[in-house]
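Structure at a glance
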Amino acid sequence: MTNTNLLRSKIDESGYKLTYLAEKCNLTYFGFMKKVNNETEFKASEIKTLKKLLNLTNEEANKIFFA
């Protein structure tokens, strides 16, 4: 289960727009938001992309995506 609050915080800190992050994960904006809001789960490839773009440590990524 995704820690939505922590993910949103990291996205805000990054300065990236949600549409840009969705595009980089090969998702539509709506598909990305479903994952952010825990309606569907992130795939490993999407987690890897977000980890790189948001400069997440392994610990941060675990707290966000494997809460």
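First, a word on scope: everything that follows refers to the structure included in this document. What you see is a predicted model, and the numbers here were worked out from it, not measured in a lab.

1. Here we look at the packing of aromatic side chains
- Applying the stated criterion across every chain, the model contains 4 aromatic pairs.
- Taking 5.0 Å as the distance between ring centres and 20 degrees as the angle between the ring planes, the aromatic pair formed by tyrosine 16 and tyrosine 20 counts as stacked.
- Residue classification places tyrosine 16 among the partly exposed residues on the basis of a relative accessible area of 33%.
- Where tyrosine 29 meets phenylalanine 30, the ring centres are 5.5 Å apart and the plane angle is 80 degrees; that geometry is what we call edge-to-face.
- The exposure class of phenylalanine 30 is exposed, given its relative accessible area of 65%.

2. Points about the nonpolar core
- Core analysis: the biggest nonpolar cluster contains 18 residues, and Leu7, Phe32, Phe42, Leu50 and Phe65 have the highest contact counts within it.
- Those elements giving two or more residues to this core turn out to be helix 1 (4–14), helix 2 (18–24), helix 3 (29–36), helix 4 (44–53) and helix 5 (58–65).
- If we skip the residues at most four places from it in the chain, phenylalanine 65 touches Met1, Thr2, Leu7, Phe42, Ile47, Leu50 and Leu56.

3. Re the environment of leucine 18
- Tracing the backbone shows leucine 18 in helix 2.
- The class of leucine 18 is buried, set by a relative accessible area of 17%.
- C-alpha of leucine 18 to C-alpha of phenylalanine 32: the two residues are 14 residues apart in sequence and 8.1 Å apart in space.
- Discounting residues that sit within four places of it in the chain, leucine 18 has contacts with Arg8, Ile11, Tyr29, Phe32 and Met33.

4. Some thoughts on the side chain of threonine 2
- As for its position among the elements, threonine 2 is in the segment before helix 1.
- What makes threonine 2 buried here is its relative accessible area of 8%.
- When neighbours within four sequence positions are excluded, threonine 2 is seen to be in contact with Leu7, Lys35, Val36, Asn38, Phe42, Ile64 and Phe65.

5. Things to note about the pattern of salt bridges
- Taken as a whole and judged by the stated rule, the model has 4 salt bridges.
- Across the pair lysine 10 and glutamate 13 runs a salt bridge whose closest N-O atoms are separated by 3.8 Å. Placement of the pair is lysine 10 and glutamate 13 together in helix 1, with a separation of 3 residues, close to one helical turn.
- According to the relative accessible area criterion, glutamate 13 is exposed, its value standing at 58%.
- Two residues, glutamate 60 and lysine 10, come together in a salt bridge whose shortest N-O distance is 2.7 Å. Taken together, the positions of glutamate 60 in helix 5 and lysine 10 in helix 1 put the pair 50 residues apart, joining distant regions of the chain.
- Looking at glutamate 60, the relative accessible area reads 22%, which means it is partly exposed.
- Given the relative accessible area of 16%, lysine 10 is considered buried.

Scoring rules and cut-offs
- Residues numbered from 1 in each chain as written.
- Predicted model: local features only at pLDDT ≥ 70, side-chain atom pairs only at ≥ 80, totals over all residues.
- Heavy atoms only, no water.
- Phe/Tyr/Trp six-rings, centres within 6.5 Å; stacked < 30°, edge-to-face > 60°.
- Buried < 20%, exposed > 50% of the residue type's maximum accessible area, 1.4 Å probe, protein only.
- Core = buried A, V, L, I, M, F, W, Y, C linked by side-chain atoms within 4.5 Å.
- Helix = DSSP H or I, 4+ residues; strand = E, 2+ residues; numbered from the N terminus.
- Contact = heavy atoms within 4.5 Å.
- Salt bridge = Lys/Arg side-chain N within 4 Å of Asp/Glu carboxyl O.

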